[in-house]
Amino acid sequence: LRTHILELRTMQYNEGEFLMIIRDTTQIKQLEDMKRTFFADASHELRTPMTVLKGYLEVSKNPNEIGDMWQRAHKVMSEQLIRMESLVEQLLTLSKLESDNDIDLNDDINLVTMLNQIEIEAMSLAKTKKQNLDFNVDKDIRVKGNEEQFRSVVTNLIFNAIKHNPNGIDVRVNLKKFNEGIMFEVVDTGRGIEQNHIERLTERFYRVDKARSRATGGSGLGLAIVKYSLNHYDTSLKIESKINEGSKFYFIIDAKFVLSQ
Ligand code: ADP
């Protein structure tokens, strides 16, 4: 059963005759709500680091008072600035993805090279969490698309598996080529995600655990960016997960986007 919002208007049509107009405004109201929520969330996300920065700047007005704390203050302020920078960056990426249909999809992307580069960075983060990170990449895979966009898709999925899971787990990144196209997947043996959250993960700012995600520097925009980016390849992100067993995030790109040797 769905609730509908109806708008009712009556106007005089002729002498003694009235016209009644009933408009179903459910969708308009839903869009307005989504817009309002988006701006409220975005403002809140920016305000949090700004408050921290303001506090430290206030204290550092008097150098005598801050004394030994300066090093820590400097570290926190730098972290908060990076956080704001990455949030603004992600918001710009999203708005571009949502509005720009003319995005250049003609790059010749060498996925093997791209994943080799990401592996180095991911490996160093995984090491700090004593996680086993394993890349299985088929040879010579090139696709046609937007390089920057593709990089952010695979980076988000790989780093999510490391960031959002406890120490000591396994993370496997697979890139496979087959007749119908290619499949990219990130499989982890981490904490897993409940079904009711899975459906909402690609919503902007949606996080299973806000506090935990914020602590890892997450804004909740990563998977929304993945979702909109994959639209350009006529495909979608698939998520399978079991609590305490782990998750699998994957997508398939059709052969028409795959470049032959
Ligand atoms: P962010 O990483 O900035 O928090 P994302 O949109 O990338 O935002 O992810 C949304 C949420 O999905 C995360 O906050 C986290 O709760 C959950 N998530 C994503 N990937 C995983 C994963 N591999 N394992 C467990 N939870 C995950």
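Right above here is the structure, for reference.
Just so we're clear, the structure is a prediction, and the values are computed from it rather than from any experiment.

Some thoughts on helix H4 (residues 111–128)
Then comes step 1: Spanning 18 residues, H4 covers 26 Å between terminal C-alpha atoms, matching the ideal 26 Å at 1.5 Å per step.
Then comes step 2: When the local axis directions of H4 are compared, the greatest deviation, roughly 25 degrees, occurs at glutamate 119.
Then comes step 3: Every buried residue of H4 is accounted for by Leu111, Val112, Met114, Leu115, Ile118, Ala122 and Ala126.
Then comes step 4: The inward-facing, buried residues of H4 contact strand S3 (107–110), strand S4 (132–137), strand S5 (142–145), helix H5 (147–163), strand S6 (170–178) and strand S7 (181–188).
Then comes step 5: Where H4 begins, one side-chain oxygen reaches toward the backbone nitrogen of valine 112, 3.1 Å away; that side chain belongs to asparagine 110.
Then comes step 6: In the segment just after H4, lysine 130 is the residue with positive phi, at about 50 degrees.

Looking at the site of the ligand
Then comes step 1: Close contacts around the ligand come from 20 residues, with His164, Ser213, Ser219, Gly220 and Leu223 the closest.
Then comes step 2: Contact distances for the ligand include 2.7 Å between an oxygen atom and a side-chain N or O atom of histidine 164.
Then comes step 3: At 3.4 Å, a side-chain N or O of asparagine 165 approaches a nitrogen atom of the ligand.
Then comes step 4: Here the ligand, which alone exposes 540 Å², has 96% of that area covered by the protein.
Then comes step 5: Listing elements by their share of the shell around the ligand, those giving two or more residues are H5, helix H8 (222–231) and strand S9 (246–254).
Then comes step 6: Ranked by residues supplied to the shell around the ligand, first place goes to H5 with 3 residues.
Then comes step 7: Residue composition of the shell around the ligand, grouped by class: 8 nonpolar, 9 polar and 3 charged.

Things to note about the sheet that holds S9
Then comes step 1: With respect to topology, 5 strands assemble into an open sheet ordered S4-S6-S7-S9-S8, the strand pairing being mixed. Each edge of the open sheet carries a strand with a single partner, namely S4 and strand S8 (238–242). Strand-to-strand twist in this sheet, taken as the mean axis angle between neighbours without regard to direction, amounts to 10 degrees.
Then comes step 2: Strands in contact with H4 are S4, S6 and S7; relative to S4, the strand with the most contacts, it is inclined by about 175 degrees.

Details of H8
Then comes step 1: With 7 of its 10 residues buried, H8 lies for the most part within the structure.
Then comes step 2: Here H8 has its buried residues at Gly222, Leu223, Ala224, Ile225, Val226, Ser229 and Leu230.
Then comes step 3: In this fold, the buried residues of H8 make contact with helix H3 (70–99), H5 and S9.

Things to note about the packing of helix H1 (residues 26–59) against H3
Helix-helix packing is characterised by the crossing angle of the two axes and by the distance between the axes.
Then comes step 1: One can describe the packing of H1 onto H3 by two numbers: an axis separation of 9 Å at closest approach and a directional angle of 160 degrees. It follows from the interaxial angle that H1 and H3 lie roughly antiparallel. Seen from above, H1 lies across H3 with left-handed handedness. Residues Phe38, Ala42, Glu45, Leu46, Pro49, Met50, Val52, Leu53, Tyr56 and Leu57 of H1 form the contact with H3, whose participating residues are Arg72, Ala73, Val76, Met77, Gln80, Leu81, Arg83, Met84, Leu87, Val88 and Leu91.
Then comes step 2: In terms of residue class, the contact of H1 with H3 is built from 17 nonpolar, 1 polar and 3 charged.

Details of a nonpolar patch on the surface
Then comes step 1: Residues Leu6, Leu8, Met20 and Ile22 make up a contiguous nonpolar surface patch of about 450 Å² in total accessible area.
Then comes step 2: Of all elements in the fold, only strand S1 (6–14) and strand S2 (17–24) reach the threshold of two or more residues within the nonpolar patch.
Then comes step 3: One can find leucine 8 in strand S1.

As for the packing of aromatic side chains
Then comes step 1: Scanning the model with the defined rule gives 6 aromatic pairs in all.
Then comes step 2: Look at phenylalanine 150 and tyrosine 233: their rings are 5.4 Å apart centre to centre, the planes differ by 80 degrees, and that puts the pair in the edge-to-face class. Taken as a pair, phenylalanine 150 in helix H5 and tyrosine 233 in the loop between H8 and S8 lie far apart in primary sequence, 83 residues in all. Each member of the pair, phenylalanine 150 as well as tyrosine 233, is classed as buried.
Then comes step 3: Judged by centre distance (5.5 Å) and plane angle (65 degrees), the rings of tyrosine 233 and phenylalanine 257 are edge-to-face. You can see tyrosine 233 sitting in the loop between H8 and S8 and its partner phenylalanine 257 sitting in the loop between S9 and strand S10 (258–259), a full 24 residues away along the chain.
Then comes step 4: By way of ring pairs, the aromatic residues Phe150, Phe184, Tyr233, Phe251 and Phe257 are connected into one cluster.
Then comes step 5: The ring of tyrosine 228 has lysine 227 lying over it, and the distance from NZ or CZ to the ring centre is 5.6 Å.

Criteria and cut-off values
Residues numbered from 1 in each chain as written. Predicted model: local features only at pLDDT ≥ 70, side-chain atom pairs only at ≥ 80, totals over all residues. Heavy atoms only, no water. Helix = DSSP H or I, 4+ residues; strand = E, 2+ residues; numbered from the N terminus. Expected span 1.5 Å × (residues − 1). Bend = angle between axes of the 7 residues up to and from the residue. Buried < 20%, exposed > 50% of the residue type's maximum accessible area, 1.4 Å probe, protein only. Contact = heavy atoms within 4.5 Å. Polar contact = N/O pair within 3.5 Å; in protein donor to acceptor, adjacent residues only side chain to side chain. Near = heavy atom within 4 Å. Areas by Shrake-Rupley, 256 points an atom, 1.4 Å probe, with all protein chains shown as cover. Nonpolar A, V, L, I, M, F, W, Y, C, P; charged D, E, K, R; others polar. Pairing = 2+ DSSP bridges. Axes fitted to C-alpha atoms, helices over the stretch in contact; angles between N-to-C directions. Parallel < 35°, antiparallel > 145°, perpendicular 65-115°, else oblique. Left-handed = near helix turned anticlockwise from the far one by under 90°. Patch = residues over 30% accessible without salt bridge, like charges linked within 9 Å, V, L, I, M, F, W, Y side chains within 5 Å. Salt bridge = Lys/Arg side-chain N within 4 Å of Asp/Glu carboxyl O. Phe/Tyr/Trp six-rings, centres within 6.5 Å; stacked < 30°, edge-to-face > 60°. Lys NZ or Arg CZ within 6 Å of the ring centre and 35° of its normal.

Keep in mind these numbers describe shape, not what the thing actually does.
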